[in-house]
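Residues per chain are reported as follows:
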Amino acid sequence: MRMWFNRQGALLRDRVLRGRGAALPPALQAELTRDLGNYFLSFLLAGPVAAFLAIAAAVAANSLAAIFFAGVALAGFGFNITACDAARGNPGQARLIAIETRFVIGTIIVSIGLGGIGCAVLVQSTSLIAEAVTVMVTLAFLGVANGFGPGRPQVAALQLGIIAVPIAAALALYWPQPWGVGAGVGMLVYGALCLAMAQQSFQNRVDLLIGREAQSAERIRLDSAVQHLGQAVAVLDGNLRVVVINRTALDLLGCDAIDPADPPLFSDLLAAAPVMRTAEINHERFLDSAAMLVAARQPFSAVLRLDDDRALDLDCQPIPDAGWVITLRDTSGERNAIAELNREVRRCPVTGLPNRRAFLEEVQQRLAASERFTLLMVDLDGFKQVNDRHGHATGDRVITRVGFRLRTAQLGLFAARLGGDEFAVLLADDSEEAAHALARRLIDTIDQPAVFGEAEVQVGAAIGIAMAPHDADALEDLLRAADLALLSAKAQPGSQVCRFSPDLKQQSARAAGIDARVRAALRAGRIDVAYQPLVDLPSGRVVAMEALARWQPDGLEDISPEELVAVAEARGLIGTLRRLVLDKAAPVIAAIDGSTGLWINASVTDLRQPGMVTEILEELQQAGLPPQRLALEVTESALMTDEAACLANLAQLMALGVCVAMDDFGSGFSSLGRLRRLPINALKISRSLLQGAPTDAAAADIFRVAANLGHSLNLMLVAEGVETRAELEMARIAGIQCAQGFGLSPPVPATLIPQAIAAAQAAAQAGLPLRAAS
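These numbers were taken from a predicted model, which means no experiment stands behind them.

Cut-offs used in this document
- Residues numbered from 1 in each chain as written.
- Predicted model: local features only at pLDDT ≥ 70, side-chain atom pairs only at ≥ 80, totals over all residues.
- Heavy atoms only, no water.
- Helix = DSSP H or I, 4+ residues; strand = E, 2+ residues; numbered from the N terminus.
- Buried < 20%, exposed > 50% of the residue type's maximum accessible area, 1.4 Å probe, protein only.
- Contact = heavy atoms within 4.5 Å.
- Areas by Shrake-Rupley, 256 points an atom, 1.4 Å probe, with all protein chains shown as cover.
- Expected span 1.5 Å × (residues − 1).
- Axes fitted to C-alpha atoms, helices over the stretch in contact; angles between N-to-C directions.
- Left-handed = near helix turned anticlockwise from the far one by under 90°.
- Nonpolar A, V, L, I, M, F, W, Y, C, P; charged D, E, K, R; others polar.
- Lys, Arg positive; Asp, Glu negative; His and termini not counted.
- Salt bridge = Lys/Arg side-chain N within 4 Å of Asp/Glu carboxyl O.
- Polar contact = N/O pair within 3.5 Å; in protein donor to acceptor, adjacent residues only side chain to side chain.
- Core = buried A, V, L, I, M, F, W, Y, C linked by side-chain atoms within 4.5 Å.
- Pairing = 2+ DSSP bridges.
- Patch = residues over 30% accessible without salt bridge, like charges linked within 9 Å, V, L, I, M, F, W, Y side chains within 5 Å.

Trainee: Would you mind going over the overall build of the protein chain in detail, with residue names and values included?
Mentor: What the protein chain contains, in helices and strands, is 29 helices and 22 strands. Looking at the protein chain as a whole, 45% of its 774 residues qualify as buried. Contacts in the protein chain between residues at least 24 apart in sequence constitute 65% of all its contacts with a sequence separation of at least 6. Summed over all atoms, the accessible surface of the protein chain reaches about 37,500 Å², with 58% contributed by carbon and sulfur.

This is the structure:
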């Protein structure tokens, strides 16, 4: 029986709860039924009042039928009240069907009761007051029941037939005319309006519920999408309460799921997050900044530090005319990777030492803190030869070993590799004594040989010292001071240490000035040439003149030939210097006679140029000087290179009849085996071998060995730097073919060449030098 009742009740509810002619979804029907709970108090108060007024009117009309229908109406109100009371809880689906059925039946019973009362009172009553009360109660019930709240359109249509039509007929028949007809028509019109109001009110509630249902479905879809995102996301409303937050975000913050019915403020959620309870984060500062940006509707980002040293990137983006979308991202791994990358870009990959960037940052920090410390710049000697002889792999191992030795030479040192074979060491002491002691210790430890497989490698070092703040209190100035000191140390033979002094800065400024002036003079061709005779010792005749570059700027200090050549070499202008000398000297020598030769100097840089031979031939042809009268003097170090371009140019010049002479033989470290294979036909013995030989037996033996070596190689020999009678005689005894030096003639300008030739020949033939022995 109960099942039949529930089934019939469900059918009744489907017919009563319909929207725009179609049955509503069960969920919406349930919402409409639950909505009855909001009208419990209205029915509880108004229902009995209306019923008792109807009973009073029935009693006043002395109509048993009216009293009967009043009891029916009271019973119907009882059904309505109990239905509304039952809907106030959270009843299940089956109970909701029973509640809706009870409410509809109650409403029909009330309508029957009120309609019966109205008809009975109007038919039998002789009391106008009773009739008026009955009609007013009926009108009020129709208006209240259908104009708002729980009205159902189908029930309203039934009420129109049960209440409005019978009462309208009774008014038309039993009230005085024409008032009765007018009242009846009015009752019908009012009933129709109530029906229309019921339909509109019901439809409004249905549309509202459908909208809520759509919003709920959309929210469910949104929540489902957010929950399945790998990114931690939270959605806030306009009041910054958490509307949606996914599991990923809750896990990052260590929070439990929020209560959708009472969502917390996002700031409260952060404050209560377990992973942020002891983290060093200024919540107040963060929230103040966030509040200003939120008020301005501006997107913003922040970094949240967690208890376990993790970092969360928080990004907040405003939703137009709504709330905010917040994304959280654990960037600890990225930050660690960036930190490691920063360490890597500040570290030498070969030695593991800090690199130039880290070194500069360290020096800058110490200077900013006004610390007193010493900077030692270290440059290795002989490292290029290690790479050339043993390969770059061994070179890297040497660099690594040197870096380790520098780092462990003394506790508390900051050692860095600046690049190539250059290192820097910072000593937290500005004592000159301590700095020099450390520098000597560093040189000693670097000088220790290292064995890599079968190779034993040894390198030296030069060290420049600068102290902060004594020598400089700015980064660039301190580095410049240390570099100047290092350059001074490298200019000295062996492993040396040099402390910066203001003189080094002055010397550097002078060198820079000389550099600029020499370059300008070379580009402008303002180079002079001096000529020094070469005397054939057997005959005593001058057979050649060596052309030497000279430059004496007007009104300025003289520039030595060594400085001139050094600047030309350093600036890649040595070829220009050779061309200028040849251009000026070739016509001068060509005009002397048909046998005097011209000797000029050439560098290894010049010899590498592919077009050198062609240039020389063109210059000789233009001056009218045959190639057989030209001799090129090449330094020992240049000839000892194995560069194919150098040797090919020399071989081509010799084939054209040009004499190639090794200059300053004995001042370097010639390989005798390679000397035999070099494309040369003359040997100029360095003055360093001749000087002192007349009075020193050992020196004399060395000089004779050098001369004998030249004879064995069938080379023409020239003794350089002859200054005394004894030196000239030793050269003759050793079988030297030619001699050159201040004892015969100093270099002279072109206008004094005839005098220089005469003086040199006279000195050679007489065996007496023009200058006394020193």
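Trainee: I'd like a description of helix H20 (residues 574-590), backed by residues and values.
Mentor: The first and last C-alpha atoms of H20 sit 24 Å apart over 17 residues, in line with the 24 Å expected at 1.5 Å per residue. Along H20, the residues classified as buried are Ile574, Gly575, Leu577, Arg578, Leu580, Val581, Leu582, Ala585, Ala586 and Ile589.

Trainee: How would you summarise the packing of helix H13 (residues 356-368) against helix H17 (residues 475-490) if you had to cite specific residues and measurements?
Mentor: The interhelical angle for the contact between H13 and H17, taken along N-to-C directions, is 115 degrees, at an axis separation of 10 Å. Read as a crossing pair, H13 and H17 show a hand that is right-handed. Two secondary-structure elements touch here, H13 through Phe359, Leu360, Val363, Gln364 and Leu367 and H17 through Leu475, Leu478 and Leu479. The residue makeup of the contact of H13 with H17, split by class, is 7 nonpolar, 1 polar and no charged.

Trainee: Lay out the side chain of Arg629 with the relevant residues and their values.
Mentor: Residue placement: Arg629 occurs in the loop between helix H22 (612-623) and strand E18 (630-635). It is Asp593 that comes nearest to the buried, bridge-free Arg629 among opposite-charge side chains, at 4.2 Å. One polar contact links the side chain of Arg629 to the main-chain carbonyl oxygen of Asp593, over a distance of 2.7 Å.

Trainee: Could you give me a rundown of the nonpolar core, with the residues and numbers involved?
Mentor: By size, the foremost hydrophobic cluster in this structure holds 74 residues, and its most contacted members are Ile527, Leu598, Phe703 and Ile736. Contacts of Phe703, omitting those with residues within four sequence positions, involve Ile685, Leu689, Leu690, Ala693, Met730, Ala731, Ala734 and Ile736. Counting residues in each nonpolar core, the second largest holds 31 residues, with Phe383, Val398, Phe423 and Ala435 among its members.

Trainee: I'd like a description of the pairing of strand E5 (residues 300-305), backed by residues and values.
Mentor: Burial along E5 is one-sided: the face carrying Phe300, Ala302 and Leu304 is buried and the face carrying Ser301, Val303 and Arg305 is not. One ladder, built from 6 bridges, connects E5 with strand E6 (residues 311-318); its direction is antiparallel. Bridge pairing in E6 places Phe300 opposite Cys316. Hairpin connection of E5 to E6: 5 residues between the antiparallel strands, including Asp309 at a positive phi of 70 degrees.

Trainee: Can you break down the sheet that holds E5 residue by residue, with the values?
Mentor: Two pairing modes exist for strands in a sheet, parallel and antiparallel, and in both the strands are linked by backbone hydrogen bonds. Pairing in this open sheet of 5 strands is antiparallel, and the strands run E4-E3-E7-E6-E5 from one edge to the other. Two strands close off the open sheet at either side, each with one partner strand: strand E4 (242-245) and E5. Across the sheet, the mean angle from the axis of one strand to that of its neighbour is 20 degrees, orientation sign disregarded. Relative to E4, strand E3 (residues 232-236) runs antiparallel, the two being bridged by 3 bridges. In the sheet register, Ala234 faces E4, and the bridge partner there is Ile245.

Trainee: Let's hear about a nonpolar patch on the surface: which residues, and what values?
Mentor: Taken together, the side chains of Val181, Val185, Val189, Leu193 and Met197 define a hydrophobic patch exposed on the protein surface, amounting to about 420 Å² of accessible area. On the secondary structure map, Met197 appears in helix H8 (residues 179-227).

Trainee: Lay out the environment of Leu32 with the relevant residues and their values.
Mentor: Examined against the element boundaries, Leu32 turns out to sit in helix H2 (residues 26-34). For Leu32, a relative accessible area of 2% puts it in the buried group. Along the primary structure Leu32 and Ala87 are separated by 55 residues, whereas in three dimensions their C-alpha atoms are 10.0 Å apart.

Trainee: Pulling in residues and values, what's your account of the packing of helix H14 (residues 383-390) against helix H15 (residues 392-408)?
Mentor: As a packed pair, H14 and H15 sit with axes 7 Å apart at the nearest point and diverge in direction by 145 degrees. The residues of H15 that touch H14, namely those facing Phe383, Val386, Asn387 and His390, are His392, Thr394, Gly395, Val398 and Ile399. By residue class, the composition of the contact of H14 with H15 is 4 nonpolar, 5 polar and no charged.

Trainee: Hey, could you go over the environment of Thr331 for me, with residue numbers and the actual values?
Mentor: Positionally, Thr331 belongs in the loop between strand E7 (324-330) and helix H12 (332-345). Each C-alpha atom of the pair Thr331 and Asp313 lies 6.4 Å from the other, and the pair is 18 residues apart in sequence.

Trainee: Which residues make up unusual backbone geometry, and what values go with them?
Mentor: Omega for the bond connecting Ala468 with Pro469 falls within 30 degrees of zero, at 5 degrees, which places this linkage in the cis form. Of note, Pro469 is situated in the loop between strand E13 (460-468) and H17. Positive phi values are uncommon outside glycine, yet Ser370 reaches one of about 60 degrees. Along the chain, the position of Ser370 falls in the loop between H13 and strand E8 (373-381). Of note in this structure, Asn714 is not a glycine but carries a positive phi near 60 degrees. By the secondary structure assignment, Asn714 is in the loop between helix H27 (697-712) and strand E21 (716-719). Classification of Asn714 as exposed rests on a relative accessible area of 70%.

Functional significance is not addressed by these values, which are geometric in nature.
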